Amino acid sequence: MTGLGGPLRWLGQYTQTKREGISRHSGRSEPMFKTLTKGALLAGALMLSSIPVQAAEEINVVVLDGYPKKSMWVAELSNFFIPEVDKRLAETGNYKINWQESYGGSIVKVKGVLDGIRNGLGDLGVVTTIFHSSKLPSQAISAVTPFVAPDARAIAKAVDEIAVEFPTMKSELEAQNQVYLATGVVLDSYQVFSREPVAGIADVKGKKVAGGGMNLRYLDGIDGAVGVRGSLTQFYNMLQTGLVDQALLWPEAAATYQLAEVAPYMLRVDFGAVNSKTVTVNKQFWDKLPEEVQKTLREVAVLYRDHIAAIAMDRASESLEAYIAAGGSVAEISAEERTAWAKSIPNLGKEWADKLDANGEPGTDMLKAYLAKLNAAGYAGERDWTAE
């Protein structure tokens, strides 16, 4: 009712004055009182109607991702995250966001979101953390523990809980002038996609294999296998031109990017789901936001986390079917070879934890807590990465 006090007080004082004046006269003045009162009410109503309703404060937000909108998490950023924020803010009417969605390299390339948000080229974005192992080492927690959980939902929840229970993930982003909102898991499980038939470890030996970062270390125990760093948007051309023989990615991405045309053979290894995305906000921009908007962004980021993880799992089987329908074929690695592959890899988990420990971070405690969460969710894995 801010801004209405003056007119309401005037209306009350006016009717009270008239009421007191009329009471000193005979009852013959009653019609005059009614007329005057009606006139006062009409005048007051007109004054109230002329007072403008306070408009919602408008906030401009530039949203970044270097990947194109056809990428599932980018599409859901536009189709789920933004509308959900708008809906919640509309319930109070205090704030309205004007979104500028900038995807597919319009402002930054796929590896440029972290720097773009840090430098203020965008306000909010989805950072692909696997490209920034030196700046965001703690984000590799699921990548250094393969062969454990092929479930995006379980990984997303466990990583976000680690980010809350331990300060490391948030402090790494603070050093990049950013505020952590939520993690993102957009794949059900990494598999091997190949130009030539592949049925087991022997068919990976001596091959050049494309990957996105830490997952290239999964090749360390295979003779002659060479990892070639690339991004999802590059894999098609890398395979088509023969720059690489194989690639590590997941069925939904393979279907979306038509990988069956250049890599029609898939080996189902189930390396596991990996957190590879984080929703962040520029620190200076965040500090200027009203508390209501901050709270809404945090809440919706968690909903977005669960939403895209659920989509990743829901689309896993249908994406595999789409890959096969497009000409792809799938071979299943044997249980014995899968175990052998897991044991052939250096202990990536312990390496990761030891490096964090050496820098004063609770790496070992984070690793134990994370794997305990997955174990409680029913995922023990082929190997205990804390035991060696």
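Scope of this entry: the structure provided in the associated data block. Source: prediction; values computed, not measured. (Residues numbered from 1 in each chain as written. Predicted model: local features only at pLDDT ≥ 70, side-chain atom pairs only at ≥ 80, totals over all residues. Heavy atoms only, no water.)

Comments concerning the overall build of the chain
Then comes step 1: Broken down by element type, the chain carries 13 helices and 11 strands.
Then comes step 2: A burial count over the chain gives 51% of its 388 residues as buried.
Then comes step 3: In the chain, 78% of the contacts between residues at least 6 apart in sequence involve partners at least 24 apart. (Helix = DSSP H or I, 4+ residues; strand = E, 2+ residues; numbered from the N terminus. Buried < 20%, exposed > 50% of the residue type's maximum accessible area, 1.4 Å probe, protein only. Contact = heavy atoms within 4.5 Å.)

With respect to the sheet that holds strand 11 (residues 329-332)
Then comes step 1: With respect to topology, six strands assemble into an open sheet ordered 7-6-8-5-9-11, the strand pairing being mixed. Of all the strands in the sheet, the pair left with one neighbour each is strand 7 (226-229) and strand 11. Pairs of neighbouring strands in the sheet enclose a mean axial angle of 30 degrees, with direction left out of account.
Then comes step 2: Where strand 6 (residues 208-211) and strand 8 (residues 246-249) come together, two bridges link them in parallel fashion. Its bridge partner lying in strand 8, A210 is registered against A247. (Pairing = 2+ DSSP bridges. Axes fitted to C-alpha atoms, helices over the stretch in contact; angles between N-to-C directions.)

Observations regarding the sheet that holds strand 1 (residues 57-65)
Then comes step 1: The strand order across the open sheet formed by five strands is 2-1-3-10-4, and the pairing between neighbours is mixed. The strands lining the two open edges of the sheet, one partner per strand, are strand 2 (95-103) and strand 4 (178-184). Within this sheet the neighbouring strands show an average axis-to-axis angle of 25 degrees, counted without direction.
Then comes step 2: Where helix 10 (residues 291-325) meets the sheet, its contacts fall on strand 1, strand 2, strand 3 (124-128), strand 4 and strand 10 (277-282), and the angle it forms with strand 4 comes to roughly 25 degrees.

Some remarks on the nonpolar core
Then comes step 1: Grouped together as the largest cluster of nonpolar side chains are 122 residues, with contacts concentrated most on W73, F81, L249, L297 and W341.
Then comes step 2: Per element, the largest residue contribution to this core is 12 residues, and it comes from helix 10.
Then comes step 3: Aside from chain neighbours lying at most four places away, what touches W341 is F147, V192, I201, V204, Y218, L219, I222, L267, V269, F271 and I333. (Core = buried A, V, L, I, M, F, W, Y, C linked by side-chain atoms within 4.5 Å.)

Things to note about the packing of helix 5 (residues 152-165) against helix 13 (residues 363-376)
Then comes step 1: Two elements in contact, helix 5 and helix 13, have axes whose closest approach is 10 Å; the angle formed by their N-to-C orientations is 145 degrees. Viewed along their axes, helix 5 and helix 13 form a crossing whose handedness is right-handed. Each of A154, I155, A158, V159, E161, I162 and E165 in helix 5 lies in contact with helix 13, whose residues at this interface are M366, A369, Y370, K373 and L374.
Then comes step 2: Its residues placed into classes, the contact of helix 5 with helix 13 shows nine nonpolar, no polar and three charged. (Left-handed = near helix turned anticlockwise from the far one by under 90°. Nonpolar A, V, L, I, M, F, W, Y, C, P; charged D, E, K, R; others polar.)

Regarding the pattern of salt bridges
Then comes step 1: Counted according to the given criterion, the structure contains 18 salt bridges.
Then comes step 2: A salt bridge links D115 to K135, with the shortest nitrogen-to-oxygen separation between them at 3.5 Å. One end of the pair, D115, is in helix 4 (residues 113-118); the other, K135, is in the loop between strand 3 and helix 5, with 20 residues separating them in the sequence.
Then comes step 3: The exposure class assigned to D115 is partly exposed, which follows from its relative accessible area of 26%.
Then comes step 4: One salt bridge in this structure joins D306 and R305, with 2.8 Å as the shortest N-O distance.
Then comes step 5: Residue R305 is classed as buried on the basis of its relative accessible area of 10%. (Salt bridge = Lys/Arg side-chain N within 4 Å of Asp/Glu carboxyl O.)

Considerations on the environment of F147
Then comes step 1: As for its placement among the helices and strands, F147 is situated in the loop between strand 3 and helix 5.
Then comes step 2: Sequence-wise, F147 and E382 are 235 residues apart; in three dimensions their C-alpha atoms are separated by 5.7 Å.
Then comes step 3: Beyond its immediate chain neighbours, meaning those up to four positions away, F147 contacts V269, D270, F271, R338, W341, A342, I345, G381 and E382.

Quick word on the side chain of D65
Then comes step 1: As for its position among the elements, D65 is in strand 1.
Then comes step 2: Within the buried set, D65 has no salt-bridge partner at all; the shortest N-O distance to an opposite charge, 5.7 Å, is to K277.
Then comes step 3: There is a polar contact of 3.0 Å between the side chain of D65 and the side chain of W73.
Then comes step 4: Ignoring anything within four residues of it in the chain, the contact list for D65 reads W73, V74, S102, Y103, G104, G105, V113 and V126. (Lys, Arg positive; Asp, Glu negative; His and termini not counted. Polar contact = N/O pair within 3.5 Å; in protein donor to acceptor, adjacent residues only side chain to side chain.)

A look at the packing of aromatic side chains
Then comes step 1: Enumeration according to the criterion identifies eight aromatic pairs in this entry.
Then comes step 2: Aromatic pair F81 and W99: ring centres 6.5 Å apart, planes at 75 degrees, arrangement edge-to-face. On the criterion of sequence distance, the pair formed by F81 in helix 3 (residues 72-92) and W99 in strand 2 is long-range, its members being 18 residues apart. Taken individually, F81 and W99 each receive the classification buried, so the pair is uniform in this respect. (Phe/Tyr/Trp six-rings, centres within 6.5 Å; stacked < 30°, edge-to-face > 60°.)

A word on the pairing of strand 1
Then comes step 1: Bridge analysis of strand 1 against strand 2 gives nine bridges, and the strand direction is parallel. Following the sheet pairing, L64 is matched in strand 2 by S102.
Then comes step 2: Chirality of the crossover, the property in question, places the unit of strand 1, helix 3 and strand 2 among those that are right-handed.
Then comes step 3: When strand 1 meets strand 3, the two strands line up parallel, connected through two bridges. Among the inter-strand pairings, V63 is bridged to a residue of strand 3, identified as L124. (Right-handed = clockwise from strand over helix to strand, strands pointing away.)

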